[in-house]
Amino acid sequence: MRFVDEFRDADKAHALAAKIAALCEPGRQYKLMEVCGGHTHTIYKHGLEDYLPESITLVHGPGCPVCVIPMGRVDDAIHLASQPDVIMTSFGDMMRVPGSGGSFFDANAEGTHIRMVYSPLDSLKIARQNPDKQVVFMAIGFETTAPSTAMTMIRARAEGIENFSVFCNHVTIVPAIKAILDSPDLRLDGFIGPGHVSTVIGCRPYEFIAKQYGKPVVVAGFEPLDILQSIYMLMLQLSQGRSEVENQYARVVPWNGNLVALKAIGETMELRPYFEWRGLGFISHSALKVHEKYAAMDAELLFQVPGVRVADPKACQCGEVLKGVLKPWECKVFGTACTPETPIGTCMVSPEGACAAYYNFGRMNRTRVAEAGVAGS
Amino acid sequence: MCLGIPGEVIELHPEQPDLAKVNVSGVRRMINIGLLSDDPPAPGEWVLIHVGFALSKIDEQEAAATMQFLEGTGQAYEDELAALKASVIE
């Protein structure tokens, strides 16, 4: 073990780390992907990689909803927001994401009306207060967030609010995992499954990973010990030659998910034939659009959306980072041209983005590892 | 937006069954509990809140552990709490 950052229950973490190390086969390298950006944040914040033997590498996955939105969709959103009599509402996380002509903040400086909201429901109050405007909610997020958009649409219809619509960019996690499994760039040994997404979809949708691809999956909580425990459960499966879906976060995640949430999504949204993900390209059936039953709330039908595909800046390697092929610090512009204050790529914007998490926390740990190495040599 | 924040249910909305007032670190706001309509939370119970919606019920111990963890995340949690304070769900 190299360096250990102290946190609550550090003794338990040491004990888990020892159990994990004991399960490593000599000479074998293990690559485990944490799908969720919240997990990436915890891993860097607490220096969890330093608890693990060198033979285990944690690979950061695509589960950061802000990070996977392609530039063209940001441009489309700004185009929508700049239409006469439109107020767009958006989560704060989206505001600094760069499009080809700037971010939402930049667009607001030029006179568009993009308001930050905490919840999609906040958009309804804005719609009630501005009956002569069309309020368009910039919907992003995985299955964790999609039910909130869905419930808001159902409520808007029940209340007869006619000036509310949704620019739907919801994505679904399973096709992205499948795309990564099918990618020739990367060989993974197992997955730390997302926590909050699984409160909605449950654990069953991951069974194809265990059954068809022979890789273990452990759905994990967000605290440092949760993640170490999940890594231990993955390593135990690998050492016993098993590949199953297990639920480390059963205290929050029901095996079958939240049926009310799934029903609300099914009522208001339907699968797109394909959707572009930043870094992963076009993935079949990987995103949701507004259901035709709710066409009156579909901003893509109410307005002309340019839909122009915009290539990422050449210097930006978010795509490779999102696929887990590159570590954040291996990107050419990491920490120099691209920082959280002046992000070039999405991974540097969101707190869940691998680059932002590593920039904020990981660098310190690596420095301390190096210093500890020097001190100990 | 990806954080799930624990809140204690203070009271249910007298007229709208899918709304409830919660207490999150001293901030009292209205949230939607419609996603838990199969097993609605009662006052005194804890829920995990995501963008204004209770996503699952949790016990008090889990709530305390999650809150301690979130407080340690610094800016991300402060931003989330500030956003919750600005929320106007009704």
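In terms of helices and strands, chain B carries two helices and five strands. Helices and strands appear in chain B in the N-to-C order β-β-β-β-β-α-α. By the compact-globule yardstick of 12 Å for 90 residues, chain B fits well, its C-alpha radius of gyration being 12 Å. Principal axes of the C-alpha set define a box for chain B whose edges measure 35 × 25 × 20 Å. Counting the 90 residues in chain B, one finds 52% classified as buried. Within chain B, contacts between residues separated by at least 24 positions form 46% of all contacts whose residues are at least 6 apart in sequence. With the model as given, the accessible surface of chain B reaches about 3,800 Å², and the carbon-plus-sulfur share is 49%. On chain B, the mean spot of the 5 positive side-chain charges and the mean spot of the 15 negative ones are 8 Å from each other.

For the rest of this paragraph, the subject is the overall build of chain A. In terms of helices and strands, chain A carries 14 helices and 13 strands. Here the C-alpha radius of gyration of chain A, 21 Å, is about what a compact globule of 377 residues would show, namely 21 Å. In terms of its C-alpha atoms, chain A occupies a principal-axis envelope of roughly 70 × 45 × 40 Å. Of the contacts formed within chain A by residues at least 6 apart in sequence, a portion of 77% connects residues at least 24 apart.

What follows deals with the pattern of salt bridges. Scanning all chains against the criterion turns up 23 salt bridges over all chains. Between Asp-85 of chain A and Lys-133 of chain A there is a salt bridge, with the nearest N and O atoms lying 3.7 Å from each other. You can see Asp-85 of chain A sitting in the loop between α3 (71-81) and β3 (86-90) and its partner Lys-133 of chain A sitting in the loop between α5 (120-129) and β5 (134-141), a full 48 residues away along the chain. Owing to a relative accessible area of 46%, Asp-85 of chain A belongs among the partly exposed residues under this scheme. The salt bridge partner of Glu-90 of chain B is Arg-128 of chain A, with a shortest N-O separation of 3.1 Å. Of the two residues, Glu-90 of chain B sits in the segment after α2 (75-86) while Arg-128 of chain A sits in helix α5, which places them in two different chains. Overall, the relative accessible area of 40% leaves Glu-90 of chain B in the partly exposed class.

All right, on to the packing of helix α6 (residues 146-159) of chain A against helix α11 (residues 259-268) of chain A then. All names here are of chain A. Running from N to C, α6 and α11 point in directions that differ by 60 degrees, and their axes come no closer than 8 Å. One way to sum up the angle between α6 and α11 is to call them oblique. For the pair α6 and α11, the sense of crossing is left-handed. For the pair α6 and α11, contact is made by Ala-146, Pro-147, Ala-150, Met-151, Met-153 and Ile-154 and by Ala-261, Ala-264, Ile-265, Glu-267 and Thr-268, respectively. Taken together, the residues of the contact of α6 with α11 sort by class into nine nonpolar, one polar and one charged.

A word on the interface of chain A and chain B. Facing 38 residues of chain A, the contacting portion of chain B comprises 37 residues. Interface area, chain A with chain B, both sides summed: about 3,200 Å², of which 60% is carbon and sulfur. Taken together, chain A and chain B are joined by four salt bridges. Our count for the chain A to chain B interface comes out at twelve residue pairs in polar contact (both at pLDDT 80 or more). Those elements giving two or more residues to the side of chain A that touches chain B turn out to be α2 (37-45), α5, β5, α6, α8 (196-201) and α11 of chain A.

Looking now at the nonpolar core. All names here are of chain A. One finds Met-88, Met-94, Phe-104, Phe-164, Phe-191, Tyr-206 and Trp-277 to be the most contacted residues of the largest nonpolar core, which totals 135 residues. With near-sequence residues (within four places) excluded, Tyr-206 lies in contact with Ile-173, Val-174, Ile-177, Pro-194, Val-197, Ser-198, Ile-201, Val-217, Val-219 and Val-245. Ala-13, Leu-32, Val-218 and Ile-227 belong to the second-largest nonpolar core, a separate cluster that totals 27 residues.

This brings us to the side chain of Lys-215 of chain A. Residue and element names in this part refer to chain A. With respect to the helices, strands and loops of the structure, Lys-215 is situated in the loop between α9 (207-211) and β8 (217-219). It is Asp-189 that comes nearest to the buried, bridge-free Lys-215 among opposite-charge side chains, at 5.8 Å. A distance of 2.9 Å separates the side chain of Lys-215 from the backbone oxygen of Leu-188, its partner in a polar contact. Ignoring any residue separated from it by four or fewer positions in sequence, one finds Lys-215 in contact with Leu-181, Arg-187, Leu-188, Asp-189, Gly-190, Phe-191, Ile-209, Ala-210 and Ser-243.

Residues and elements named next belong to chain A. Here the structure, examined in full by the defined rule, presents one disulfide over all chains. Each sulfur of the disulfide joining Cys-64 and Cys-67 lies 2.2 Å from the other. Here the disulfide of Cys-64 and Cys-67 is right-handed, its torsion about the S-S bond being about 65 degrees. Classification of Cys-67 as buried rests on a relative accessible area of 1%.

Residue and element names in this part refer to chain A. Take Asn-163: it is sitting in the loop between α6 and β6 (164-170). Within the structure, Asn-163 has its side chain in polar contact with the backbone oxygen of Ala-127 (distance 2.9 Å). Of the polar contacts made by the side chain of Asn-163, one reaches the backbone oxygen of Asn-130; its length is 3.0 Å. Those residues in contact with Asn-163 that sit more than four places away from it in its chain are Ala-127, Asn-130, Pro-131, Lys-133, Gln-134 and Val-135.

Residues and elements named next belong to chain A. Here we have four strands laid out as an open sheet, ordered β4-β3-β5-β6, and parallel in their pairing. Both edges of this open sheet fall to β4 (114-116) and β6, since each of them pairs with a single strand only. Geometrically, the sheet is characterised by an average inter-axis angle of 25 degrees between neighbouring strands, direction not taken into account. Direction of pairing for β3 relative to β5: parallel, over a ladder of four bridges. Across the sheet, Met-88 pairs through a bridge with Val-136, a residue of β5. Taken strand by strand, α3 contacts β3, β4, β5 and β6, and its axis lies near 175 degrees from that of β6. Against the sheet, α6 engages β5 and β6, with an angle of about 160 degrees to β6.

Calculation criteria
Residues numbered from 1 in each chain as written. Chains lettered and ligands numbered in written order. Predicted model: local features only at pLDDT ≥ 70, side-chain atom pairs only at ≥ 80, totals over all residues. Heavy atoms only, no water. Helix = DSSP H or I, 4+ residues; strand = E, 2+ residues; numbered from the N terminus. Rg over C-alpha atoms; globule rule 2.2 N^0.38 Å. Buried < 20%, exposed > 50% of the residue type's maximum accessible area, 1.4 Å probe, protein only. Contact = heavy atoms within 4.5 Å. Areas by Shrake-Rupley, 256 points an atom, 1.4 Å probe, with all protein chains shown as cover. Lys, Arg positive; Asp, Glu negative; His and termini not counted. Charge placed at Lys NZ, Arg CZ, Asp CG, Glu CD. Salt bridge = Lys/Arg side-chain N within 4 Å of Asp/Glu carboxyl O. Axes fitted to C-alpha atoms, helices over the stretch in contact; angles between N-to-C directions. Parallel < 35°, antiparallel > 145°, perpendicular 65-115°, else oblique. Left-handed = near helix turned anticlockwise from the far one by under 90°. Nonpolar A, V, L, I, M, F, W, Y, C, P; charged D, E, K, R; others polar. Buried area = accessible area lost by both parts, 1.4 Å probe. Polar contact = N/O pair within 3.5 Å; in protein donor to acceptor, adjacent residues only side chain to side chain. Core = buried A, V, L, I, M, F, W, Y, C linked by side-chain atoms within 4.5 Å. Disulfide = S-S within 2.5 Å. Pairing = 2+ DSSP bridges.

These results come straight from atomic positions and should not be treated as a statement about function.
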